[in-house]
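An overview of the molecular structure
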Amino acid sequence: MLDDMFDYLEHLRERPVWQPAPAQVRARLRSPLPREGADLATLHRTFMDDVLPYAVGNAHPGFFGWVHGGGTPVGMLAEMLAAGLNANVGGRDQVPVEVERQVARWMAELFRFPQGASGIFVTGTSMANMIAVLVARRRALGLEVRDAGLASMGQGLVAYTSAAAHDCIAQAMDLTGIGRAALRLVPLDDDFRMDTAALEAAIAADVQAGLKPFFVAATAGTVDTAAIDPLRRVAAIAHANGLWFHVDGAFGAMAMLSPELAPLLDGIDAADSIAFDFHKWAQVPYDAGFVLVRDGELHRDTFAAAPRYLKREPRGMAGGSPWPCDFGPDLSRSFRALKTWFTLQAYGADRMGAAIAGTCALARYLADEVRRRPAFELLAPVALNIVCFRYKVAGEDADDFNAALVADLQEAGIAAPSLTTLRGKVAIRVAIVNHRSERRDIDAMLKGLEELAARRLAVAR
Ligand SMILES: *Cc1c(COP(=O)(O)O)cnc(C)c1O
């Protein structure tokens, strides 16, 4: 199994990025519950034949869709060790918890957070953002909200984020009972960043209306264009108005690992909380989200509860309080920290930062190539590692044409960008996240787009 996975990772570029699963493969997954055990070698073969070839392909250097990390062999091996140990990292006196605490301290160091900061692993930034909303809600309404709930005391809470924010911020409003309608989507400036004058005006209008502004989420690296909100300015506005300042840095926060890029995140150290993923730009295998909170006591107060079966003791295995389960909604938790701890140590922060900066250099290369070709137009400035552009067509619906072109390219297995819509225009969106991507992968994508577009136009004529 190890040999197969090393071969797979070594020869990725020779495979299609993605291919749809044939009907007979899907049909084989419809067999009933097995009553008897099967031979492991047979299962391994089934995995190689039916599962591995039909994944989405984000390990492939030509994968540029959404925001997916590429993974590494180091992460894969650490995942094997973690699974073998099978630690439940919800709590108790054990070194796997200390490993997680060390990663939290490293992150506090990276983001220049104080000593009392806390942090835990979660599935992803969606969950991390929700935890931040809950801590901010607890700060705004006091400890009583945990018993009384929002119905009796949460009237009029309002939160702010930009119109380019990830939808999981709105989802967090929904899941925490505050409601999507309580989230103001602040308009964007010309560079797709939060318009801070509009933020100030929105807060003032809500205060005027007797509402309770409590939370603002800035984004460091938006999904559409990788724009970075003016963090220092948003921090100042949030704190002047008594709001919690949260940063959704799902992928972008990891730019802190690169001394060249870190200044772009100026102001992130003023955040009350930061949500980010190690499974995107930091290349740790899925899943490995993280939430860092400046005030660790407030964070613990938001979740800690000690039912009788989780009583803490001064000695024995029930020692070592507080436990990770005191900082989030999960009790049983996997050892996500290990693959992150291995990745950070095996490669080192500098090399990881250089890989991240390398993807931004590739994005600039792609933007230059797009500008050089009259058939294409760039649709947004390139802030970090995402390039949005499209194929110009006369006499056809450009939106439909570009959407079809991306599907053609994905189905050809050549490269896999995704789509988004910017100011009403459908854009081919190329997010370069994978450390394996090189110029030749960008060149192959552009060549594929040009050839497939020519074919489409020939058929139309
Ligand atoms: C990916 C992403 C998220 C969601 O993170 P998950 O790890 O998928 O839950 C949130 N915000 C931004 C800006 C993202 O890029």
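Residues numbered from 1 in each chain as written. Predicted model: local features only at pLDDT ≥ 70, side-chain atom pairs only at ≥ 80, totals over all residues. Heavy atoms only, no water.

This is how the line gets drawn: UniProt positions are given in the numbering used here, feature names are shortened, and annotations may be inferred rather than shown by experiment.
Looking at an unreviewed UniProt entry, one finds the protein chain named Cytochrome D ubiquinol oxidase subunit I and attributed to Pseudoduganella lutea. In its Cofactor (unreviewed entry) section, the UniProt entry covering the protein chain states "pyridoxal 5'-phosphate". Under the Sequence similarities (unreviewed entry) heading, UniProt states for the protein chain: "Belongs to the group II decarboxylase family."

Here's the deal with the pattern of salt bridges
Applicable threshold: What makes a salt bridge here is a side-chain nitrogen of Lys or Arg within 4 Å of a carboxyl oxygen of Asp or Glu, nothing more. Secondary structure follows DSSP: runs of H or I at least 4 residues long count as helices, runs of E at least 2 residues long count as strands, and numbering of each begins at the N terminus. Only protein chains enter the area calculation, which uses a 1.4 Å probe; residues under 20% of their type maximum are buried, those over 50% are exposed, and those in between are partly exposed.
For the coordinates displayed, the defined rule picks out 27 salt bridges. Of the charged contacts, one joins Arg13 and Asp441 as a salt bridge, the two residues approaching to 2.8 Å between their closest N and O atoms. Remark: Asp441 occurs in helix α14 (residues 439–460) and Arg13 occurs in the loop between α1 (2–10) and α2 (23–28); sequence separation between them is 428 residues. A relative accessible area of 31% places Arg13 in the partly exposed class. Across the salt bridge formed by Asp266 and Arg232, the nearest N and O atoms sit 2.9 Å from each other. With a gap of 34 residues between them, Asp266 in the loop between β6 (244–248) and β7 (273–277) and Arg232 in helix α10 (residues 231–240) connect regions that are remote in the sequence. Look at Asp266 and you get partly exposed, because its relative accessible area is 42%.

A few points about the sheet that holds strand β3 (residues 157–162)
Cut-off, in case you're wondering: Here the rule is simple: two strands pair whenever DSSP picks up at least two bridges between them. Simply put, an axis is a line fit to the C-alpha atoms, just over the touching stretch for a helix, and the angle between two N-to-C directions goes from 0 to 180 degrees. Should any heavy atoms of two residues lie within 4.5 Å, those residues are considered in contact.
Ordered by their spatial adjacency, seven strands build an open sheet running β2-β8-β7-β6-β5-β3-β4, and the pairing between neighbours is mixed. Of all the strands in the sheet, just β2 (118–122) and β4 (183–186) have a single pairing partner and so form its edges. Averaged over all adjacent pairs, the angle separating strand axes in this sheet is 20°, with direction ignored. In this sheet, β6 lies alongside strand β5 (residues 212–219) in parallel orientation, the contact comprising five bridges. From the neighbouring strand, Val216 faces β6, where its bridge partner is Phe245. α10 rests against β5 and β6 of the sheet, and its axis sits at about 155° to β6.

Focus on the packing of aromatic side chains
Operational definition: Side-chain rings of Phe, Tyr and Trp, where Trp is taken by its six-membered ring, are said to pair if the distance between their centres is within 6.5 Å; with planes under 30 degrees apart they count as stacked, over 60 as edge-to-face, and otherwise as tilted.
Taken as a whole and assessed by the stated rule, the structure comprises 13 aromatic pairs. Ring geometry for Phe121 and Phe278: centres 5.5 Å apart, planes at 35°, overall tilted. Taken as a pair, Phe121 in strand β2 and Phe278 in the loop between β7 and β8 (289–293) lie far apart in primary sequence, 157 residues in all. Ring centres 5.5 Å apart and planes at 80° place the aromatic pair Phe376 and Phe389 in the edge-to-face group. Taken together, the positions of Phe376 in strand β9 (residues 376–378) and Phe389 in strand β10 (residues 386–391) put the pair 13 residues apart, joining distant regions of the chain.

What about the packing of helix α5 (residues 95–110) against helix α12 (residues 336–372)?
Selection rule: Orientation categories follow fixed angle ranges, with anything under 35 degrees roughly parallel, anything over 145 roughly antiparallel, 65 to 115 roughly perpendicular, and all other angles oblique. Helix crossings get a hand from a simple test, with the near helix turned counterclockwise from the far one by less than a right angle marking a left-handed crossing and a clockwise turn marking a right-handed one. Note that Gly is not counted as nonpolar here; it falls among the polar residues with everything else outside the nonpolar set of Ala, Val, Leu, Ile, Met, Phe, Trp, Tyr, Cys and Pro and the charged set of Asp, Glu, Lys and Arg.
Where α5 contacts α12, the two axes come as close as 9 Å, and the packing angle between them is 50°. When the axes of α5 and α12 are compared, the pair comes out oblique. For the element pair α5 and α12, the recorded crossing hand is left-handed. Residues Val99, Glu100, Gln102, Val103, Trp106 and Met107 of α5 form the contact with α12, whose participating residues are Ala337, Thr340, Trp341, Leu344 and Gln345. Each residue belonging to the contact of α5 with α12 can be placed in one class, and the counts come to seven nonpolar, three polar and one charged.

Things to note about the site of the ligand
Filter applied, for reference: Any residue with at least one heavy atom within 4 Å of a molecule or strand is counted as near it. Within 3.5 Å is the distance limit for a polar contact, defined as a pair of N or O atoms, with the added protein rule that one can donate a hydrogen and the other accept it, and that residues adjacent in sequence qualify only through two side-chain atoms.
As a matter of local geometry, the ligand sits amid 13 residues, with Thr125, Ser126, Asp248, Asp277 and Lys280 nearest to it. A distance of 2.7 Å is found between an oxygen atom of the ligand and a side-chain nitrogen or oxygen belonging to Asp277. Here the shell around the ligand is composed, by residue class, of four nonpolar, six polar and three charged.

Some words on the sheet that holds β9
Hydrogen bonds between backbone atoms are what pair the strands of a sheet, whose relative direction is either parallel or antiparallel. Here we have five strands laid out as an open sheet, ordered β1-β11-β12-β10-β9, and mixed in their pairing. In this open sheet, the two edge strands, each paired with only one partner strand, are β1 (63–64) and β9. Pairing of β9 with β10 involves three bridges; the strand directions are antiparallel. Residue pairing in the sheet places Phe376 in a bridge with Tyr391 of β10.

Some words on the pairing of β8
Burial runs high along β8: five of the five residues are buried. Burial along β8 is two-sided: the residues Gly289, Val291 and Val293 and Phe290 and Leu292 are all buried. Pairing of β2 with β8, which is carried by five bridges, proceeds in the antiparallel orientation. Counterpart to Ile120 in the pairing with β8 is Val291. Alignment of β7 against β8, held across five bridges, turns out to be antiparallel. When the bridges of β8 are listed, Ile274 appears paired with Leu292.

What about the nonpolar core?
Put simply, the test is: Here, nonpolar core means buried Ala, Val, Leu, Ile, Met, Phe, Trp, Tyr and Cys residues that are tied together by side-chain atoms lying within 4.5 Å of each other.
If you look at the biggest cluster of nonpolar residues, it comprises 108 residues, and the most contacted ones within it are Met107, Phe111, Phe215, Phe245, Met254, Phe276 and Phe278. With nine residues, helix α6 (residues 125–141) is the single largest residue contributor to this core. With near-sequence residues (within four places) excluded, Met107 lies in contact with Met254, Phe276, Phe278, Phe290, Leu292 and Leu344. Judged by nonpolar contacts, the second largest core, of 27 residues, contains Ala363, Val406, Ile432 and Met445.

Describing the environment of Glu200
Here Glu200 shows up in helix α9 (residues 196–208). With 163 residues separating them in the primary sequence, Glu200 and Gly37 have C-alpha atoms 63 Å apart. If we skip the residues at most four places from it in the chain, Glu200 touches Arg233 and Ile237.

Notes on the packing of α12 against α14
Describing two packed helices takes the angle between their axes plus the distance from one axis to the other. The N-to-C vectors of α12 and α14 enclose an angle of 30°; their axes lie 10 Å apart at closest approach. Between α12 and α14 the crossing geometry is right-handed. Where α12 abuts α14, its residues Leu362, Tyr365, Leu366, Glu369 and Val370 lie against Arg439, Ile442, Asp443, Met445 and Leu446. In terms of residue class, the contact of α12 with α14 is built from seven nonpolar, no polar and three charged.

Considering unusual backbone geometry
Residues Tyr286 and Asp287 are joined by a peptide bond in cis, for which omega reads -15°. Relative to the helices and strands, Asp287 resides in the loop between β7 and β8. Residue Pro322 is bonded to the preceding Ser321 through a cis peptide linkage, with omega at 0°. By the secondary structure assignment, Pro322 is in the loop between α11 (296–303) and α12.

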